[in-house]
Amino acid sequence: MRYLFLTIMTMLLAGCSIFGHTGVESAPYTLLQADEQQRIEVRRYDTMVLVSASMAGDGRNSAFQESYSVISVVRTKVQRLLR
């Protein structure tokens, strides 16, 4: 079950790039180590903002509610996958 969950989350986080160009920029990184036989890389990423919310509406509260809604939906989907 965990293997299935990890596979699905990897596809979602990768932006479903298996379907073609997603228009999402990749974050710059420094390659620390690579193993060509196992086809893995150890990378260091700079600090970045991964999520942002608009301050439209009633200001700070609407931005929090928007972020909370996204987190709640993701948490619910993950919990369903782990059952």
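Residues numbered from 1 in each chain as written. Predicted model: local features only at pLDDT ≥ 70, side-chain atom pairs only at ≥ 80, totals over all residues. Heavy atoms only, no water.

### So, the overall build of the protein
Counting its regular elements, the protein contains 2 helices and 2 strands. Going residue by residue from the N terminus, the α and β elements of the protein occur as α-β-β-α. Sequence-distant contacts in the protein: of pairs separated by 6 or more residues, those separated by 24 or more amount to 19%. Of the roughly 7900 Å² of accessible surface on the protein, 57% is carried by carbon and sulfur atoms. (Helix = DSSP H or I, 4+ residues; strand = E, 2+ residues; numbered from the N terminus. Contact = heavy atoms within 4.5 Å. Areas by Shrake-Rupley, 256 points an atom, 1.4 Å probe, with all protein chains shown as cover.)

### Here's the deal with the packing of aromatic side chains
Scanning the entire structure with this criterion turns up 1 aromatic pair. Aromatic pair Tyr29 and Tyr45: ring centres 5.6 Å apart, planes at 50°, arrangement tilted. In this pair, Tyr29 sits in strand β1 (residues 29-35) while Tyr45 sits in strand β2 (residues 40-45), placing the two residues 16 residues apart along the sequence. Tyr45 sits in the partly exposed class, given a relative accessible area of 39%. Directly above the aromatic system of Tyr29 lies the positively charged group of Arg43, at a separation of 4.1 Å from the ring centroid. (Phe/Tyr/Trp six-rings, centres within 6.5 Å; stacked < 30°, edge-to-face > 60°. Buried < 20%, exposed > 50% of the residue type's maximum accessible area, 1.4 Å probe, protein only. Lys NZ or Arg CZ within 6 Å of the ring centre and 35° of its normal.)

### Overview of unusual backbone geometry
The backbone of Arg39 sits at a positive phi, close to 55°, despite the residue not being glycine. Within the fold, Arg39 resides in the loop between β1 and β2.

### Details of the pattern of salt bridges
Taken as a whole, this structure holds 1 salt bridge when the rule is applied. Among the ionic pairs, Glu41 bridges to Arg43, the shortest N-O distance being 2.8 Å. By relative accessible area, which is 41% here, Glu41 ends up partly exposed. (Salt bridge = Lys/Arg side-chain N within 4 Å of Asp/Glu carboxyl O.)

### Considering a nonpolar patch on the surface
Together, Tyr29, Leu31, Tyr45, Met48 and Leu50 give the surface a local cluster of nonpolar side chains, amounting to about 530 Å² of exposed area. Considering the arrangement of structural elements, one finds Met48 in the loop between β2 and α2 (60-82). (Patch = residues over 30% accessible without salt bridge, like charges linked within 9 Å, V, L, I, M, F, W, Y side chains within 5 Å.)

### Describing the environment of Thr47
Mapped onto the fold, Thr47 is located in the loop between β2 and α2. Each C-alpha atom, one on Thr47 and one on Ala27, is 9.8 Å from the other, the two residues being 20 residues apart in sequence.

### Concerning the pairing of β2
As judged from the 6 bridges shared by β1 and β2, these two strands associate in the antiparallel manner. If you follow Gln33 over to β2, its bridge partner there is Val42. The turn joining β1 and β2, which pair antiparallel and follow one another in sequence, is formed by 4 residues; a positive phi near 55° is taken by Arg39. (Pairing = 2+ DSSP bridges.)

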